[in-house]
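Residues per chain are reported as follows:
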Amino acid sequence: EGGSVALDKFATRIGHYALEEIVITGHTDPIGTPAFNQQLSERRAAAVRDYLQKQGVPFDKMRILGKGSAEPIAKCADVMPQSRDNPKLLECLEPDRRVVIDLIGTPRH
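Note that the structure is a prediction, hence the values are computed from the model and not measured. (Residues numbered from 1 in each chain as written. Predicted model: local features only at pLDDT ≥ 70, side-chain atom pairs only at ≥ 80, totals over all residues. Heavy atoms only, no water.)

## Observations regarding the overall build of the chain
- Counting its secondary structure elements, the chain contains 3 helices and 3 strands.
- Moving toward the C terminus, one meets the helices and strands of the chain in the order α-β-α-β-α-β.
- Expressed as a percentage of the 109 residues in the chain, the buried residues total 30%.
- A separation threshold of at least 6 residues defines the contact pool for the chain, and within that pool the share at least 24 residues apart is 70%. (Helix = DSSP H or I, 4+ residues; strand = E, 2+ residues; numbered from the N terminus. Buried < 20%, exposed > 50% of the residue type's maximum accessible area, 1.4 Å probe, protein only. Contact = heavy atoms within 4.5 Å.)

## Regarding the nonpolar core
- Residues Leu7, Phe10, Ala11, Ile14, Leu19, Ile22, Ile24, Ala45, Val48, Leu52, Val57 and Met62 constitute the largest nonpolar core, which totals 12 residues.
- At the level of secondary structure, the elements contributing two or more residues to this core comprise helix 1 (3-13), strand 1 (17-26) and helix 2 (34-54).
- Leave out the neighbours within four places in its chain, and Leu19 touches Ile14, Pro58, Lys61, Leu103, Ile104 and Gly105.
- If you look at the next biggest cluster of nonpolar residues, it comprises 6 residues, including Ile31, Ala74, Val79 and Leu89. (Core = buried A, V, L, I, M, F, W, Y, C linked by side-chain atoms within 4.5 Å.)

## Section: the state of the cysteines
- Evaluation of the coordinates by the stated rule reveals 1 disulfide.
- The disulfide partner of Cys76 is Cys92, and the gap between their sulfur atoms is 2.0 Å. Disulfide Cys76-Cys92: torsion about the S-S bond near -100°, hence left-handed. Here Cys92 lies in helix 3 (residues 87-92) and Cys76 lies in the loop between strand 2 (62-66) and helix 3, a separation of 16 residues in the sequence.
- Under the relative-accessibility criterion, Cys76 is labelled buried at 8%. (Disulfide = S-S within 2.5 Å.)

## Some thoughts on the pattern of salt bridges
- What the rule picks out here adds up to 4 salt bridges.
- Note that Asp50 and Arg49 form a salt bridge whose closest N and O atoms lie 3.1 Å from each other.
- For Asp50, a relative accessible area of 31% corresponds to the partly exposed category. (Salt bridge = Lys/Arg side-chain N within 4 Å of Asp/Glu carboxyl O.)

## Here we look at the side chain of Asn37
- Following the sequence through the fold, Asn37 ends up in helix 2.
- Here Asn37 falls in the buried class, since its relative accessible area comes to 2%.
- Not counting residues up to four positions away in its chain, the partners in contact with Asn37 are Thr28, Asp29, Pro30, Ile31, Gly32, Gly68 and Ser69.

Have a look at this one:
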């Protein structure tokens with residue numbers, strides 16, 4: 001399912017919670033400098049925040065974080081060569097390029 005479809009579903013479910021905070025965390029793969037990856041992860045999180053705001057999620061309840069490439073989930077050590085020109089490596093690292101949304105609140109009954 002596409003990113004906007006998943007975000008639309010998330011936005012519609014928010015009404016089922018007494019919302020305290022939504023933490024939106026952006027991540028990157030390790031290709032690039034740490035400074036670039038930090039900025040990219042923050043831009044990813046901000047893009048999700050902005051999209052959710054357009055879907056009616058309260059801006060003041062959302063907080064963004066950027067983790068850069070500090071929390072990888074892909075296991076690509078066996079993909080050689082370790083070069084940004086290697087399509088297999090880029091595909092393997094895809095799970096690291098993500099945004100995680102944590103909702104803090106209480107379900108309404």
